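What follows is each chain in one-letter form.
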Amino acid sequence: MSSSSSGTGALGSSSVTGGSGSTGGSSSSGAQGGSTGASSGSDSSSNQGMMASMKPEEMHKSIDKAAEAAQPMVDRVVSSAHAGVDKLSGLLSGASTQFSNRSAQMNDTYQQLADSGREYVRNKPGTAVAIALGAGYILAKLLGGSRRRDY
C-alpha cells in the first residue's frame with residue numbers, strides 16, 4: 001500500500017512519499033536552497049503528514065502573516081541604519097573641514113616663521129651665527145651625554 005502527495009509553496013516545491021514496507025523519503029527545493037534526505041521514525045512521518053495536509057493557500061497566508069509581523073521591525077532597523085550613516089557622514093565631513101582649516105593655518109604660520117627667520121638672518125648675520133653655534137653646543141651636550149672618549 002502506497003501513498004503520495006505533493007504541494008507547491010512560496011519557497012519551492014516539496015513531495016512526500018511513503019510505503020508500507022519501506023522507509024519514507026523527503027525532498028524539497030526552493031529559493032533558500034535545497035536539501036534531500038531520507039529518514040524513518042514517528043517524528044519525521046508526523047511532520048511530513050502535517051506538511052502534506054497544509055494547502056498551498058494556507059502556507060502563503062502564514063508566510064504573508066510572518067512578513068507583515070516583521071515589517072515594523074525591519075523599518076525601524078532601516079531608519080536607524082540611515083540615521084547612523086547620516087550622523088557618521090556629518091561627523092566625517094566636519095572633521096575633514098576642520099583638518100583642512102588647521103592644515104592651512106599651520107602652513108600659514110610656518111611661512112610667517114620662515115620669512116621672519118630669513119629677515120632676521122639678513123639683518124643680523126653675526127648674531128644668527130652665534131645663536132646657531134650656541135644651540136648646536138647645547139644640543140650636543142644634551143644628546144651626547146658626558147661620556148669621555150679615548151681615541
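Because the structure is predicted, anything quoted here is derived from the model rather than measured.

A few points about the overall build of the chain
Okay, so step 1: A tally of regular secondary structure across the chain gives three helices and four strands.
Okay, so step 2: Per-residue burial over the chain gives 5% buried out of 151 residues.
Okay, so step 3: In the chain, the share of contacts with a sequence separation of at least 24, taken over all contacts with a separation of at least 6, comes to 11%.
Okay, so step 4: When the accessible surface of the chain is totalled, it reaches about 12,600 Å², and 58% of it is carbon and sulfur.

Some points on the pattern of salt bridges
Okay, so step 1: In total, this model carries one salt bridge according to the counting rule given.
Okay, so step 2: The partner of R118 in a salt bridge is D115, and the shortest N-O contact between them spans 3.1 Å. You can see R118 and its partner D115 sitting in helix α2 (residues 56–123), three residues apart, about one turn around the helix.
Okay, so step 3: Accessibility expressed as a relative area gives 46% for R118, which makes it partly exposed.
Okay, so step 4: Judged by its relative accessible area of 43%, D115 falls in the partly exposed class.

Notes on the confidence of the model for the chain
Okay, so step 1: Mean pLDDT over the chain stands at 76; residues scoring 70 or higher make up 61%.
Okay, so step 2: Here strand β3 (residues 25–30) is the element of the chain with the lowest mean pLDDT, 45, and helix α3 (residues 125–144) is the one with the highest, 93.
Okay, so step 3: Note that pLDDT drops below 50 for residues 1–39; the model gives that stretch 54 contacts with residues more than four away or on any other chain.

What to know about α2
Okay, so step 1: The end-to-end C-alpha distance of α2, which contains 68 residues, comes to 97 Å, matching closely the 100 Å that a straight helix rising 1.5 Å per residue would cover.
Okay, so step 2: Most pronounced at Q71, the bend in α2 amounts to some 35 degrees, and the proline P72 follows within four residues.

Each value, and the rule that gives it
- Residues numbered from 1 in each chain as written.
- Predicted model: local features only at pLDDT ≥ 70, side-chain atom pairs only at ≥ 80, totals over all residues.
- Heavy atoms only, no water.
- Helix = DSSP H or I, 4+ residues; strand = E, 2+ residues; numbered from the N terminus.
- Buried < 20%, exposed > 50% of the residue type's maximum accessible area, 1.4 Å probe, protein only.
- Contact = heavy atoms within 4.5 Å.
- Areas by Shrake-Rupley, 256 points an atom, 1.4 Å probe, with all protein chains shown as cover.
- Salt bridge = Lys/Arg side-chain N within 4 Å of Asp/Glu carboxyl O.
- pLDDT = per-residue confidence, 0-100.
- Expected span 1.5 Å × (residues − 1).
- Bend = angle between axes of the 7 residues up to and from the residue.

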